[in-house]
Amino acid sequence: MWRCASSRTAILRQNSKSIHQIRCHAIDSGKHESQCQEQLIEIAKKVCKIMRVRPRWEQTLLSDFPPAKFLSPTLFSLVINQQNNALLSLRFFYWLKSRPGFSPDSLSLNTLFDELIKANQCTAAKSLLQNTEFTPNSASLESYVKRLSENGSIEEAIHVLSQLKARGICPSLGTWNSVLLSSLEIKRTDFVWQFYDEMVESGVVADAETVGCLIRALCVENKVSEAYELLEQVLEDGLVPNNLAFNELIKGLLRSRSYVKISRTLHAMIKINRAPDIHTYGVIVCGLCKNGEHIEAFRVFNDLKDRGYAPDRYMYNKMINALCNSKLLADARKLWFEMIEKGLCPDDLTSNTLFYRYFKVGDLEEALLLYKEMCNRRYRKDTVSYRILLMEFCLNEKVEEACDLFEEMTRKAITPDLITYNTLISSLCKKGKVVESINLLQKLLAQGLQPSPDSYNPLIKGLCHIRNIQEAKRLFKDMQERSIRPSHEAHESVIIGLCKVGLFEEAMESIVAMLNYNITPRKETFERLILYLSRENRLDDALLVLESMLEMEYALGGGIGHSLVEKLCKGNSHVANHFLEEILLYLYHGNFLPHDLQPKQQLQ
């Protein structure tokens, strides 16, 4: 018995020793794994830091750490989790991928994919999918679809959606709504209806956000009546779209001037505790302004302020422009100052419109007072405001003031535009200051602006008036070389200018060129040319010009006709007899000859 007991005790001791050895081995193994994990965590931290601060870390990273460590998928996963830059993590992955023996696990790749989506790096995420055989999980793919939709890459989102459907996965309602909204934002209503049909086929039930997208899509397609009916239907079903859908519907109803439906829509919003906000009323005010209902818009605008709403800068600008268009300048001026007092700086268009309207109604004094007030408040003067003031100075023949203002623009480094140059060139030419105008044209060209016919016409006319025909011809040629088609005024000024200095051959060539350009000379140009030619006894040329004039069915003036008849009766032109009777008959029937003087008698 003792021997048996002793044997059992020996066996137990031996087994206990084995268990102890196994336990010790397990503990040692656990410690080793824990140490390896801690070591990898430290390496991951250092790798992340190196990637952030060292530009070309790929060339030196292997020398900083044991190369074998980089083959561990765990290190890759740790770097992704610790690195706060998704693109650096992707760059690290491509570097690892180039190392022999590295094989990433799908979980780490999915984590990297998710990080790229969170960072809105859809192109990089697509590159990752193309360079690996990895397939993200369904949640990641849905996030990818949402990001693609938000970025306007709807066609790519469609492709990913088809992948989900091929895997038998039905996207969530949130994903569908994201795609619908993004399609709407890029005005692709065809995609909206396509996705909505697919959504219904998939058995997904629409919510208020879905309905809001559909209402807005109908408004974009100008199917406002259908949008209104859909709203009435879903409100009965208890679905309440957001204010954005209501605002779009109201905007559409304003376009069709359906004011009764607008009133009902506003009452419906109040009834369902979706009170119209400042943006809703902003849509109404701007829509009324666009429809020309400026007085009603102003009433709504003032009513908003009385109720405690604070119109924004956009609404103020719209209202001021509308009041200016209705010539309610006192109210517009009041709102302009009200904006400034509230810290809402009027935009350039609004200020310049108000400024211009005062000039338009002839209230130069009030316009200058407003301009002075703008300067006192250090309102930024731009090219347009200077141009308006300069144009009004020129209109009121205050050319000196206009020139001073132009110089002020130059001093303040405000670049004049083409209209400013053309206005001042024209005004200077009218005052006979042609040399100054030519200098302005040179500045215009030096500034790199493309001149227009209005840049040349006053100069050519002015030069012809002072008989500087050679300079006028040079500018005319310069126009043509710059592919600027000379206008009526330019052609006619050169023709009359050539006649003034006795260059009749060139004048005749110029009128032929004008006709070849399919530019019809004015009646006055024909008559002046005939007068100049007849005075110089160039009757053949005068009659040729007369023939062209009559072919264009211009009425011949009595004075020109009498002058030409006189010349023909005294001269021996071989075409005189052919035209004389026609001219006399024309003058007689036009009551330009006395009744007792018959054409036949004159011919005899």
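Remember, it's a predicted structure, so these values are computed and weren't measured experimentally.

A.B. asks: Which parts of the structure should I look at to understand the overall build of the chain?
C.D. replies: Scanning the chain from terminus to terminus reveals 33 helices and zero strands. Once local pairs closer than 6 in sequence are excluded, the contacts in the chain between residues at least 24 apart make up 61%. Here the chain has roughly 32600 Å² of accessible surface; of this, 50% comes from carbon and sulfur atoms.

A.B. asks: Can you help me understand helix α27 (residues 488-500) in this one?
C.D. replies: Counting along an α-helix, one turn takes 3.6 residues, and residues three or four places apart therefore face a common direction. With 13 residues, α27 ought to run about 18 Å at 1.5 Å a step, and its terminal C-alpha atoms sit 18 Å apart, in line with that. For α27, a buried count of 10 out of 13 residues is recorded, marking the element as mostly surrounded by other parts of the structure. When α27 is considered as a whole, its buried residues turn out to be Ala490, His491, Glu492, Ser493, Val494, Ile495, Ile496, Gly497, Leu498 and Cys499. In this structure, the buried residues of α27 make contact with α25 (453-465), α26 (469-481), α28 (504-516) and α29 (523-535). Positive phi shows up at glycine 502, right after α27, with a value of about 80°.

A.B. asks: What should I look at first to understand the pattern of salt bridges in this one?
C.D. replies: Pairing between side chains becomes possible if they bear opposite charge and their charged atoms approach one another. Evaluation of the coordinates by the stated rule reveals 22 salt bridges. The salt bridge involving glutamate 338 is made with lysine 305; its shortest N-O contact spans 2.8 Å. Of this pair, glutamate 338 sits in helix α18 (residues 329-341) while lysine 305 sits in helix α16 (residues 294-306), and the two are 33 residues apart along the sequence. Between arginine 538 and aspartate 541 there is a salt bridge, and its shortest N-O distance comes to 3.0 Å. Exposure remark for arginine 538: the relative accessible area of 23% places this residue in the partly exposed category.

A.B. asks: Hey, could you run me through the nonpolar core in this one?
C.D. replies: Nonpolar side chains in soluble globular proteins tend to be buried together. Core analysis: the largest hydrophobic core is formed by 160 residues, its most contacted members being Phe92, Met319 and Ile460. Apart from the residues within four sequence positions on either side, methionine 319 is in contact with Val285, Cys289, His294, Ala297, Phe298, Phe301 and Leu335.

A.B. asks: Help me understand the confidence of the model for the chain in this model?
C.D. replies: When pLDDT is low, close inspection of the predicted coordinates is not appropriate. When pLDDT is averaged along the chain, the result is 80; 84% of the residues meet or exceed 70. Between residues 1-5, whose pLDDT stays under 50, and residues either more than four places distant or in other chains, the model counts zero contacts. Contacts for the low-pLDDT stretch residues 587-604, under 50 throughout, to residues beyond four places or in other chains number 27 contacts.

A.B. asks: Help me understand the layout of surface pockets, please; the structure alone is not making it clear to me.
C.D. replies: The probe, sized like a water molecule, is rolled over the atoms to show the empty space still left. Roughly 520 Å³ of internal volume is contained in the largest pocket. Lining the largest pocket are 24 residues, and of these Gly282, Cys286, Gly287, Tyr314 and Lys318 lie nearest its centre. Within the residue set of the lining of the largest pocket, elements represented by two or more residues are α13 (243-255), α15 (278-290), α17 (313-325) and α19 (348-360). Looking at the lining of the largest pocket, the element that brings in the most residues is α15, giving eight residues. The class makeup of the residues in the lining of the largest pocket is nine nonpolar, nine polar and six charged. In this structure, the second largest pocket spans a volume of roughly 370 Å³.

A.B. asks: Looking at this model, I keep getting lost on the environment of proline 453. Mind explaining?
C.D. replies: Note on placement: proline 453 falls in helix α25. For proline 453, a relative accessible area of 29% gives the class partly exposed. In this structure the C-alpha to C-alpha distance between proline 453 and phenylalanine 476, which are 23 residues apart in sequence, comes to 10.0 Å. Setting aside residues up to four positions removed in sequence, proline 453 forms contacts with Met479, Ile484 and Arg485.

A.B. asks: Help me out: how do you make sense of helix α9 (residues 173-185) in this one?
C.D. replies: If you check α9, its first and last C-alpha atoms are 18 Å apart, about what 13 residues at 1.5 Å a residue would give, namely 18 Å. Immediately downstream of α9, the backbone of lysine 187 shows phi near 65°, a positive value.

Criteria and cut-off values
- Residues numbered from 1 in each chain as written.
- Predicted model: local features only at pLDDT ≥ 70, side-chain atom pairs only at ≥ 80, totals over all residues.
- Heavy atoms only, no water.
- Helix = DSSP H or I, 4+ residues; strand = E, 2+ residues; numbered from the N terminus.
- Contact = heavy atoms within 4.5 Å.
- Areas by Shrake-Rupley, 256 points an atom, 1.4 Å probe, with all protein chains shown as cover.
- Expected span 1.5 Å × (residues − 1).
- Buried < 20%, exposed > 50% of the residue type's maximum accessible area, 1.4 Å probe, protein only.
- Salt bridge = Lys/Arg side-chain N within 4 Å of Asp/Glu carboxyl O.
- Core = buried A, V, L, I, M, F, W, Y, C linked by side-chain atoms within 4.5 Å.
- pLDDT = per-residue confidence, 0-100.
- 1 Å grid on protein atoms, 1.4 Å probe; cavity = no way out; pocket = protein on both sides within 12 Å on 5 of 7 lines; lining within 4 Å.
- Points joined across faces, edges and corners; volume = space filled by probe spheres on them.
- Nonpolar A, V, L, I, M, F, W, Y, C, P; charged D, E, K, R; others polar.

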